[in-house]
Each structure stands twice: as structure tokens, then as C-alpha cells.
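Observations on chain architecture
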Amino acid sequence: MKTLNYLIIIALSVLTLSSCKTTYYQVYRAVPSDRSMANREALVYEDENCEVTYNLWSHGGNMGFGFFNKTKENIYLNLDECFFVRNDVANDYYLDREFTQTSNVGSKSSRKKGASVALTGLNFLGLIQSNQAAAEVSESLITSSGSSISVKEKKIITIPPGTLKFISEYNINESLYRDCDLLKYPRRKQVKTLHFMKEESPFVFSNRITYRVGESAEPVQFENQFYVSEITNYPEKEVVDYESDEFCGEKSEEKYNFFKIKSPDRFYIMYLKSQNGMKH
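Scoring rules and cut-offs
- Residues numbered from 1 in each chain as written.
- Predicted model: local features only at pLDDT ≥ 70, side-chain atom pairs only at ≥ 80, totals over all residues.
- Heavy atoms only, no water.
- Salt bridge = Lys/Arg side-chain N within 4 Å of Asp/Glu carboxyl O.
- Helix = DSSP H or I, 4+ residues; strand = E, 2+ residues; numbered from the N terminus.
- Buried < 20%, exposed > 50% of the residue type's maximum accessible area, 1.4 Å probe, protein only.
- Phe/Tyr/Trp six-rings, centres within 6.5 Å; stacked < 30°, edge-to-face > 60°.
- 1 Å grid on protein atoms, 1.4 Å probe; cavity = no way out; pocket = protein on both sides within 12 Å on 5 of 7 lines; lining within 4 Å.
- Points joined across faces, edges and corners; volume = space filled by probe spheres on them.
- Pairing = 2+ DSSP bridges.
- Core = buried A, V, L, I, M, F, W, Y, C linked by side-chain atoms within 4.5 Å.
- Contact = heavy atoms within 4.5 Å.
- Patch = residues over 30% accessible without salt bridge, like charges linked within 9 Å, V, L, I, M, F, W, Y side chains within 5 Å.
- Areas by Shrake-Rupley, 256 points an atom, 1.4 Å probe, with all protein chains shown as cover.
- Axes fitted to C-alpha atoms, helices over the stretch in contact; angles between N-to-C directions.

Observations concerning the pattern of salt bridges
For the structure on display, the rule yields eight salt bridges. The partner of R212 in a salt bridge is E81, with the nearest N and O atoms 3.7 Å apart. Highlighted residues: R212 in strand β15 (residues 204–213) and E81 in the loop between β5 (75–78) and β6 (83–86), separated in sequence by 131 residues. Residue classification places E81 among the partly exposed positions, given a relative accessible area of 27%. Notably, a salt bridge pairs E223 with R208, separated by 3.2 Å at the nearest N-O pair. Remark: R208 occurs in strand β15 and E223 occurs in strand β16 (residues 220–235); sequence separation between them is 15 residues. Looking at E223, the relative accessible area reads 37%, which means it is partly exposed.

Structure representation (C-alpha cells):
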């Protein structure tokens, strides 16, 4: 019997260890073709009418942008003439979709219900009762009603003077890049970075944007292009750290994680490795 218990303990330990997973990050650095866009806080394109900002940092890389109207007139962003282009493949920003928004309103009412108990003792609520009078029980009734509104996707986005709107639709890349010189599960001392020039980069991507200032103006078109210049695989400890939140000079006992290498010209893919050798 002792031998059986010992074997069970070993088996449970193996299962516990096998379910543990180690987290890794594949981190990309992107370079704008127009080097004047480089900025510490964001990647910024600017002309006489608008300011367009990018922050790629997210899982898969967020190619969305903020569009700020510098003029004193409405700017009309023509989504049907805007495209996300990845390695020469164009993707439409206007997809002619319809979105449904649903809202529910609930109400609660109660009524009383009688229950007789013949003998002294516990009734069905567990309360002591010594007569045949009805025990009143409160019964809640919940009713709800809902409504939905269908919203058609806009082909043209209006941006009023002095305001900002965010447009987001596509990620840059969500699949791990593999290379013989890039270990998938490196230790800290095995971390290595691959470097690329634009001509050999595995990912060249851009937003092609069309807008008009005022209703009768001629369209203005420009392209914000980037290419991946670096790819690095990291174990989690090289990327993520933990810090206590602080409010009014007092530090919280709870800690939150933050990215040590976060920047607007980088993005990442998080992936896992199981201790039992199963890879994800």
C-alpha cells in the first residue's frame, strides 16, 4: 500500500511539472522609411494639414494610427481609399460591414407565497414554526427586455478641426518568424538579435492614406512605410519586470508587470513552452 501511495505521489508530481509553461517573447523593431518620423514618444508623420501618429507596441503589432486635424475645416478621411499593405499585399480599411449594438434592461419584482406546516417543527425554510398558519415566502421574479441597433460602417470618417480620431484594423504579424540562427527557447546568455536592411527584411508594411480638407478639395494621398530591422527571442525575465503601484506616496502591496523594453517602434509575439517538451 505504501508503495502504491508513493507511486501516486510521483505521478501527480510529474503531471504538475508537465503542466508548467515557460513564457517567451519574439520582439520586433520597425524602422520608418521616412526617418523624420522617429520620435521617443511615438512615430509621427506630419504635413500642413494633419499629424498621424503610430505606436506599434502590442501583441502582433498594432498598425492603427491616430489622425489629428491641424486645420480650421473638417477633414474627410476616405477609408475606401486607405489600405494596409504588407509585403506588397493590400488590405482594405473599408470593409462595408454592419455592426449590431445590443442593450438589455432588467427589472425585479417580488411576491409572497404561502406554505402550511401541520406540526411544530422545522418548515422547509429551516425556521421553527408551531402552528398551522401559512409561512410567507418572498419569491423574486426577474424580467428583462432588450433592443438592438444596427450601425453601418462609415466609408468616410469626418475629423473636426483641432480633434483626433483613431483608426485601427490590422496587426503587422502574428506568426513566429523562424531562422536557423535564432533559438526559439533561448536562455539569457543565448539571446541573439537578427538584423535586416530594408531590401532583405521579412516584413515591409505601410498605411496608404487618402483624405480631403473641406468638401470640395482635391484628395491628398501619402504612404507611411516601415520595415522590420531586428528580431529577437527573449525569455520572459528579460522582457517583463514587476513593480508596486504608488498612489499619494503609498505603495500598494500588489505588484503589476510591465515591459522593460516597450517602445513605439517595437512589437512582440508571446509564446509558450511546456516543461514536458510540448511546444506551442
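Next comes the rest of the write-up.
What to know about the packing of aromatic side chains
What the rule picks out here adds up to 21 aromatic pairs. An angle of 15° between the planes, with centres 5.7 Å apart, marks the rings of F205 and F226 as stacked. In this pair, F205 is assigned in strand β15 and F226 in strand β16, connecting sequence segments 21 residues apart. Judged on exposure class, the residue F205 and its partner F226 are both buried.

Concerning empty space enclosed by the protein
In the structure shown here, the tally under the stated rule is one cavity of 30 Å³ or more. Volume-wise, the largest cavity comes out at about 30 Å³.

Some details on the pairing of strand β12 (residues 156–159)
Burial along β12 is one-sided: I157 and I159 are buried, while I156 and T158, pointing the other way, are not. For β5 and β12, the ladder comprises four bridges, and the chain directions are antiparallel. Looking at the pairing, I75 lines up with I159 of β12.

So, the nonpolar core
Counting residues in each nonpolar core, the largest one holds 39 residues, and the members touching the most others are V52, Y54, F65, F67, L77, F205 and I209. If we ignore the near neighbours within four places in the chain, the residues touching F205 are A30, M63, F84, V85, R86, I172, N224, Q225, F226, Y227 and V228. In terms of nonpolar packing, the next biggest core, distinct from the first, is built from eight residues, V27, W57, V240 and Y268 among them.

Some remarks on unusual backbone geometry
Notably, N87 is not glycine yet its phi reads approximately 50°, a positive angle. Within the secondary structure, N87 sits in the loop between β6 and β7 (89–92). On the basis of relative accessible area, N87 is assigned to the partly exposed category, the value being 33%. In the Ramachandran plot, D88 falls in the positive-phi region, its phi being about 70° despite a non-glycine side chain. Relative to the assigned elements, D88 resides in the loop between β6 and β7.

Quick notes on the environment of S148
In this structure, S148 sits in strand β11 (residues 135–152). Its relative accessible area of 51% is what places S148 among the exposed residues. Measuring from C-alpha to C-alpha, the distance between S148 and Q101 comes to 5.4 Å, with 47 residues separating the pair along the chain. Apart from the residues within four sequence positions on either side, S148 is in contact with T100, Q101 and T102.

Topic: a nonpolar patch on the surface
Taken together, the side chains of F99, I149 and V151 define a hydrophobic patch exposed on the protein surface, amounting to about 250 Å² of accessible area. Counting through the fold element by element, F99 comes out in strand β8 (residues 98–115). A relative accessible area of 39% means that F99 is categorised as partly exposed.

Some points on the sheet that holds strand β13 (residues 164–167)
What the four strands build is an open sheet, ordered β2-β3-β4-β13; its pairing is antiparallel. What marks the edges here is a single partner per strand, and that holds for β2 (43–46) and β13. Neighbour-to-neighbour, the strand axes of this sheet turn through a mean angle of 20°, independent of strand direction. Where strand β3 (residues 50–54) lies against strand β4 (residues 65–69), four bridges are found, and the strand directions are antiparallel. Following the sheet pairing, E51 is matched in β4 by F68.

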